[in-house]
Amino acid sequence: ELQRSAMKKVLLALTTLTLLATSAEARTWAEIKKSGTIKVATEGAFPPFNLMKGKQLTGFEVDLANALGKQLGLKVEWTVQPFDSLLIGLNQDRYDFVIASHGITPERQKAVDFSDPHYCTGGAIVTRPGGPLTAKALAGKSVAVQVGTTYLENVRKVPGVGDVKTFPRDVDAQAALMAGRVDAWVGDRFTGLDLVKAQKGKIVQGDLLFRERNAMAVKKGNVTLLKELNAALAKAQANGTYARISNQYFGQDVRCR
Ligand code: ARG
């Protein structure tokens, strides 16, 4: 019996040590710089911001982060994973920062630190011709949104809104609208514009439900990295790099003003 309890104590100590060892601190700027590689995560399913083209990760945010990495003299190593697990992975130190169109919200600010916004946008109501185009018109209507997003949070606040259906990926929420399984989809206004264009008359964009400033996220308290990211973004915005990438994807400069 005595031996058993001693064994238990040893096991407990080992578990504690393992936990401590795996909950390492986020890498500081000095550590990242020394390693020569910065680790970035995104979803890879949110066109035109981050998406897979075959095996190639691309999009506005991917090109932008690659440009920032280049400016900082670092190799960029990408991780692609589901949207709703990106900030969790950040807090587990699985990568240095996340760029995945996160709107800056008070709720998220409790969990992570945000950079200066890398673009400004809004959540738009998108529907089929004859469908709801305003917040008021959403009363009693079914709406598709991606889970874990500001779209979900804001659609829930619409007075009298009907069924709110959540999807793991934004593209699946769009598909539900196109298949006629919901009355509207709420998503990014630029994504909506692309959808309207691609669907030629079968989809229309209504009002903005809300506006948001979207930013990169670092682990809470990683001030040294945050400072470098903000400086790199400011530099890209000043030297034409940002404008070139933005124009390529949107035909306009999407920075916050
Ligand atoms: N901007 C919205 C938000 O902050 C949606 C972001 C979705 N991003 C993505 N990679 N699917 O929640």
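If you're wondering where the values come from, they're calculated on a predicted model, not measured in any experiment. (Residues numbered from 1 in each chain as written. Predicted model: local features only at pLDDT ≥ 70, side-chain atom pairs only at ≥ 80, totals over all residues. Heavy atoms only, no water.)

**As for the pattern of salt bridges**
Note that side chains of opposite charge can pair when their charged atoms are close.
Argument step 1. Summed over all chains, the structure comprises eight salt bridges.
Argument step 2. A salt bridge links Arg169 to Asp172; the nearest nitrogen and oxygen atoms lie 3.1 Å apart.
Argument step 3. On the basis of relative accessibility, which here comes to 39%, the residue Arg169 falls in the partly exposed class.
Argument step 4. The salt bridge involving Asp253 is made with Arg255; its shortest N-O contact spans 2.9 Å.
Argument step 5. Through salt bridges that share partners, Asp253, Arg255 and Arg257 make up one connected network. (Salt bridge = Lys/Arg side-chain N within 4 Å of Asp/Glu carboxyl O. Buried < 20%, exposed > 50% of the residue type's maximum accessible area, 1.4 Å probe, protein only.)

**Thoughts on unusual backbone geometry**
Argument step 1. Put simply, Pro47 and Pro48 share a cis peptide bond, and its omega is 0°.
Argument step 2. Position of Pro48 relative to the elements: it lies in the loop between β2 (45-46) and β3 (50-53).
Argument step 3. One non-glycine residue, Asp93, lies in the positive phi region at around 60°.
Argument step 4. With respect to the helices and strands, the residue Asp93 is situated in the loop between α4 (86-91) and β6 (97-103).
Argument step 5. Of note, Ser101 is a non-glycine position whose phi angle comes to about 65°, a positive value.
Argument step 6. You can see Ser101 is positioned in strand β6. (Helix = DSSP H or I, 4+ residues; strand = E, 2+ residues; numbered from the N terminus.)

**A closer look at the nonpolar core**
Argument step 1. With 43 residues, the main nonpolar core has Ile38, Phe60, Phe97 and Tyr242 as its most contacted residues.
Argument step 2. It is helix α9 (residues 223-238) that provides the largest number of residues to this core, a total of six residues.
Argument step 3. Setting aside chain neighbours within four positions, we find Phe60 in contact with Pro48, Phe49, His118, Tyr119, Tyr242, Ile245, Ser246, Tyr249, Phe250 and Val254.
Argument step 4. Ranked by size, the runner-up nonpolar core spans 12 residues in total, among them Ala41, Leu86, Tyr95 and Ala217. (Core = buried A, V, L, I, M, F, W, Y, C linked by side-chain atoms within 4.5 Å. Contact = heavy atoms within 4.5 Å.)

**Here's the deal with the site of the ligand**
Argument step 1. In the vicinity of the ligand, 15 residues are found, and the nearest of them are Glu43, Ser101, Gly103, Arg108 and Glu212.
Argument step 2. A distance of 2.9 Å separates a nitrogen atom of the ligand from a polar backbone atom of Ala100.
Argument step 3. With respect to the ligand, the side chain of Arg108 contributes an N or O atom lying 2.8 Å from an oxygen atom.
Argument step 4. In isolation the ligand has 340 Å² of accessible area, and contact with the protein removes 100% of it. (Near = heavy atom within 4 Å. Polar contact = N/O pair within 3.5 Å; in protein donor to acceptor, adjacent residues only side chain to side chain. Areas by Shrake-Rupley, 256 points an atom, 1.4 Å probe, with all protein chains shown as cover.)

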